[in-house]
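The residues making up each chain are set out below.
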Amino acid sequence: MINNQLLDERTELHLTSNELYIYSLLSMSRNWRDKILITPSTIHDMGHIKLASSKKRGVQAIKDTLISLRDKKVIRFTNADGELTDDFKANDTL
């Protein structure tokens, strides 16, 4: 289920189509502890829609979208040690 605020264009949480797509993929990856362990490359591999012409550009588009979702406070990132992080690479587990 997706919160109505994420779809309502009048709210600051409104998601673009790319953000909504990535958010949906993340939601489907949630485990029983309500956590998601994933890398930007894995998101690219599991997606059915190409966000760019090459994998490198696609992964960069996913990273940019993840950062946008973080800036909107829809998601947050932690590294493997459980610490909040803003710096990550394509194969870093978040």
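Below is a summary of the structure that appears in this document. Since the structure is predicted, the reported quantities are computational estimates derived from the model, not experimental observations.

Analysis parameters
Residues numbered from 1 in each chain as written. Predicted model: local features only at pLDDT ≥ 70, side-chain atom pairs only at ≥ 80, totals over all residues. Heavy atoms only, no water. Helix = DSSP H or I, 4+ residues; strand = E, 2+ residues; numbered from the N terminus. Contact = heavy atoms within 4.5 Å. Axes fitted to C-alpha atoms, helices over the stretch in contact; angles between N-to-C directions. Parallel < 35°, antiparallel > 145°, perpendicular 65-115°, else oblique. Nonpolar A, V, L, I, M, F, W, Y, C, P; charged D, E, K, R; others polar.

## Observations concerning the overall build of the protein chain
Then step 1. Counting secondary structure elements, the protein chain contains three helices and zero strands.
Then step 2. Ordered by position from the N terminus, the helices and strands of the protein chain form the series α-α-α.
Then step 3. Sequence separation of 24 or more characterises 44% of the internal contacts of the protein chain that already satisfy a separation of 6 or more.

## Remarks on the packing of helix 1 (residues 17–28) against helix 3 (residues 55–71)
The axes of two packed helices give the description: the angle between them and the distance between them.
Then step 1. Direction vectors running N to C along helix 1 and helix 3 enclose 85 degrees, while the axes themselves pass 10 Å from each other. Between helix 1 and helix 3, the interaxial angle falls into the category roughly perpendicular. Packed against helix 1, whose contacting residues are Asn-18, Glu-19, Ile-22, Tyr-23 and Leu-26, the element helix 3 presents Ile-62, Thr-65, Leu-66, Ser-68 and Leu-69 at the interface.
Then step 2. Residues belonging to the contact of helix 1 with helix 3 are distributed by class as follows: six nonpolar, three polar and one charged.

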